[in-house]
Structure formats: C-alpha cells, structure tokens
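Topology and contacts: notes
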Amino acid sequence: MTDHAPTIPRLPPLLGQAMRPLPLLPLTVTLSALSRRLAKRHPGMFRRLGEHGNKRFALDPTDLPMVFLMDLRGGRVRLSAHRKAPAAEARIAGPIAAFLGMMHGAYDGDALFFSRDLVVEGDTSAVLALRNAIDDAELDLTEELADLAGPMAGFLRAAVAQAEKQSGVVLHRVDTLAGGWA
Amino acid sequence: MMELVCPAGTPAAMRAAVEAGAHAVYCGFADETNARNFPGLNFSTEEMASGIAGAHARGAKVLVALNTFPRAGGEELWHRRLADAEAAGADAVILADMGLLAHAAEHHPRMRRHLSVQAAAANPDAINFYAEAFGVQRVVLPRVLTVDEIAAINREIDVETEVFVFGGLCVMAEGRCSLSSYATGKSPNMNGVCSPASHVAYAEEGQDLAARLGGFTIHRTPKNQPAPYPTLCKGCFSSGDQTGHVFEDPVSLDAKHLIPALAKAGVTALKIEGRQRSRAYVGEVVRTFRAAVEAVAAGRPMPEGALARLSEGQAATAGAYAKTWR
C-alpha cells in the first residue's frame, strides 16, 4: 500500500530571484531579536539539546537565496542570514515550508526525510536533538514575531494569514491544545 | 473498546497523543533505561511527573518503558528509575529483563508490570512463566506471530496481550538482535539505540543519497526514491552481481484492517510504534486509530484513511500477522 507524500509547497523561483538583491542585515537584526526571545521564553528547548547545545546548525531553505545559521556556541543563541553556506557542524536543507511546517507541528521530520524533502548532512545526532527539541517546544513563529512587533502585531498577524493562504506555507502552530497541561 | 497505547517521545508528543484520543501513552526517561534513547528525546523526572498528572487529568494512562537490559553492576540506574516511575504515578512499567522484573515485583509490588516486546515472549510457556514468576499482567507480543497464533496463545494464558498495529517494524527477534552492535558497538537491548545517530552519516553523492552506519554504506537511494532508516536490517547490499535487501524491504507495519480479527483473537491493547517521531505523526496516527477502534467497538465499518506517507519506505505491510511478507 502506498500513497503520495505530502505536497510541500515550494516558493516560486521568481520570488527567490526577486529576494536575491535584498540586504540581509535587517533580516539578521530581526532574527537576533527573535533568538534572544526564544532563548528567554523556551529555555527547555535548549536544555533538551544537551551535549549538542554548543554547536552550529546551517538551515538551508533551498527555495530562498540565503542560508540561516543557528549558532549555539558559548551558551548563547545567535540566528543570522548568509548568502553562502557558513561553516557548521550540521546542515539541514529543504524547502522553507518544510522547516516551518515541522516547527509548527504540521509535518513529521522523518516523513520529510523518507520523501527526500529534507536532506541532512554532518552531525546526525545534533540534527536529531535539534529536531526533537524544536518539536517539543511547540513554537508559534507568528505569535513570537507579533509580540516583537508591538503595536504592529495586528497588522503582522493579518499579513501572515494572507501570506499563508497564498503560499500554502504553514506560518502558525496548527495543534494548539486545550489549556491546563503542565 | 480495545485500548490504544500510543507513543510519546517528548512531553509535547504526550499532549498530542492524549488530545488525539490515546487511552494510554508509553514513554521513557532520558537515559539508557529505555529502548528509544535518542538525542533530544524522552522525559526528565520532573517532566514525567507533570506529564503523568496531565494525562491522568484527561483520563489517559501512562506506561513507563524501562525495557533495556541492565549491565551487571550497573543496575542502580534502572532501580532508581523504577522508583521514579512509581513516585511519578505511572500506571504501569514496561520491563524486559528478568532481574529488573524480580526487583520490581519485590520492591514495587503495587505497580503494574507489563512485559516488553524486548523480552520476546512468543509462546504460552514463556508468557505463563513471566506471569507466575514476576506477576506480569500484560505481555507485548513480538511482531512475528500470525493472528491465528495470537488467538491460540490467548487461549492458554491468563494475562492481557498487547500487539503492535502501526509503525516501524523490527524483523528480528526483539531483545535478541545485535545487528546494530556489529556496526556501532551499541544496541537497543543494552544502550537503547538501534543504529545510533552518532554513527550515522548521510551524503549526497551525485543523484544518490548514501547512508553510512559505522562507516559501512548500508544503502544508496536513487533520486526520487523514498529514503529508509539507516538500520542494517533494512540495508540494501551488493554481493557478486546481485543487489537487494537481504533481510527486509524498508517498509513499515499497518495492521489497521486487522483490528476486528485481533479483537476476536482476544487482544486487549493495540500499540502504535514511534516514540522517535514528531507530535504531527503522533496526532495523525492516534486520531486515525482511535476512529478505527471506536468503529470496531460499535460494529461500524472501518473508516478509510491512509497513513503510508508517514511510513518508512512510504509503504506499509501487515507484517507477520497475515504472513504475506517476504
């Protein structure tokens, strides 16, 4: 018995090309603020990484003209955007929708590996630890960014909802549970 | 209704399982006392206690797996984890080792004891021995039996039986397989890891994805073909002019359509494999199987729904239950 792998949306190549000339600094600044916030609000995620909590992870969205680096060395979390793949202990590559869908509880990482939507290179243990830690953290990127956006939060949520509808990329947590869990 | 026993590798997966309809969840501590000792997975002592409290508040049971085999002289960790499980309020512990079973029976007599699939008890004599010697109340049957064999076993034992219905499929005698040890020095039985990630390396070589375990290339997957787990038993090897899967194709178990037959065979509980999987997997599989056991209990037709895309090899088999597998 077989059925089809989930269709992971790919951003149109034209969008990637249009983004190519854009400066990465504003994105890195936003990512830095986001990483500080994640470290403060989700300490359990970093504890769960254990011995892998001092490594560098290159996250390579293959349909975007940039590579993200998550650098956990020195007990700090730093997220930055790069034109070319930076040095890292592990590299994970795939469509941006795969990364965001996993983070938001919509896709299973192993299933994306089976279907070849995700490619893993380097320190496999570190990749597994990161995937499990992020899955357990039950992150919602839209809500994290909305909190950073202050008075613009409403506008940001509306814009994200529209982008989600247009692109098929999962931009918020899909499995919000009933309250009361410890 | 048959009891649905569902995997939880993390507290988030436990929440997903319970919210999706799990009657019971099984999980383990973050160390070598359980057979899914993977990086970033499992529960601290505090997470176990709060997870069990949350599950109980929603009417779900929690079964704690302590299903590896303690090393001689190193039993203290396993003994401490038994006490931790009882203190956290576990509904049962899932054990494989006779020494640990004896310790649990003597020191934690009120805690229910289930026999892990890792004990590989596959006949009435073995099961009755574990029941009489250690007060085991449920046995998880190895994935080597047909439905008729399970029915025959159930007629000769007085303990409950639990069988796997979905997920990764070990093709070896569980608890006895040392294939992983040959390539890595580590095994699920002693270290809680089969083909440990620390010994796995992937490389894109041309159009192929090469997977290496302990330095041995165990399969090379062409472009657009599903990638399997890096386990030796699902490896694709070349010998002379032949290339093929020596033990088993990369495929995983889906026995949903056999639930009515398993109920008729006297099975008490249905187990879903996948503590190493995400909360997305857990939620989707548990919802599908909860609908199935409810339909069977109500005498309704089995609901449709394919889960093969979540499966290794993106293909499923009924495994040994129907003996249609190579």
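About the cut-offs
Residues numbered from 1 in each chain as written. Chains lettered and ligands numbered in written order. Predicted model: local features only at pLDDT ≥ 70, side-chain atom pairs only at ≥ 80, totals over all residues. Heavy atoms only, no water. UniProt positions renumbered as here; feature names shortened; annotations may be inferred. Helix = DSSP H or I, 4+ residues; strand = E, 2+ residues; numbered from the N terminus. Pairing = 2+ DSSP bridges. Axes fitted to C-alpha atoms, helices over the stretch in contact; angles between N-to-C directions. Contact = heavy atoms within 4.5 Å. Buried area = accessible area lost by both parts, 1.4 Å probe. Salt bridge = Lys/Arg side-chain N within 4 Å of Asp/Glu carboxyl O. Polar contact = N/O pair within 3.5 Å; in protein donor to acceptor, adjacent residues only side chain to side chain. Nonpolar A, V, L, I, M, F, W, Y, C, P; charged D, E, K, R; others polar.

The name that an unreviewed UniProt entry assigns to chain A is Sterol-binding protein, with the source organism given as Phaeovulum veldkampii DSM 11550.

Turning next to the UniProt feature "domain: SCP2" (unreviewed entry) in chain A. UniProt records the feature "domain: SCP2" (unreviewed entry) for residues 47-134 of chain A in the present numbering. Annotation note: span residues 47-134 of chain A, helix share 31%, strand share 28%, distance between end C-alpha atoms 11 Å.

All names here are of chain A. As summarised here, the arrangement of the five strands in space is β3-β2-β1-β4-β5, forming an open sheet in which the pairing is mixed. Of all the strands in the sheet, the pair left with one neighbour each is β3 (78-82) and β5 (119-122). Within the sheet, the average angular offset between the axes of one strand and its neighbour, ignoring direction, is 20°. Pairing of strand β1 (residues 56-61) with strand β2 (residues 67-71) involves four bridges; the strand directions are antiparallel. What sits directly across from leucine 59, in β2, is phenylalanine 68. Its contacts with the sheet place helix α6 (residues 124-137) against β1, β2, β4 (90-94) and β5, and it is angled at close to 75° to β1.

Let's shift gears to the interface of chain B and chain A. Listed as interface residues are 53 residues of chain B and, on the opposing side, 43 residues of chain A. Contact between chain B and chain A buries roughly 3,800 Å² in total, counting both sides, with carbon and sulfur atoms accounting for 52%. The tally of links between chain B and chain A comes to six salt bridges. The shortest N-O distance in the salt bridge between aspartate 108 of chain A and arginine 277 of chain B comes to 2.7 Å. At the junction of chain B and chain A, the tally comes to 18 residue pairs in polar contact (both at pLDDT 80 or more). Of all the secondary structure elements, the ones that give two or more residues to the side of chain B that touches chain A are α1 (11-20), α2 (45-57), β8 (200-205), β9 (208-213) and α10 (279-298) of chain B. Sorting elements by how many residues they give to the side of chain B that touches chain A places α1 of chain B first, with six residues. Here the residues of the side of chain B that touches chain A are counted per class, giving 25 nonpolar, 16 polar and 12 charged.

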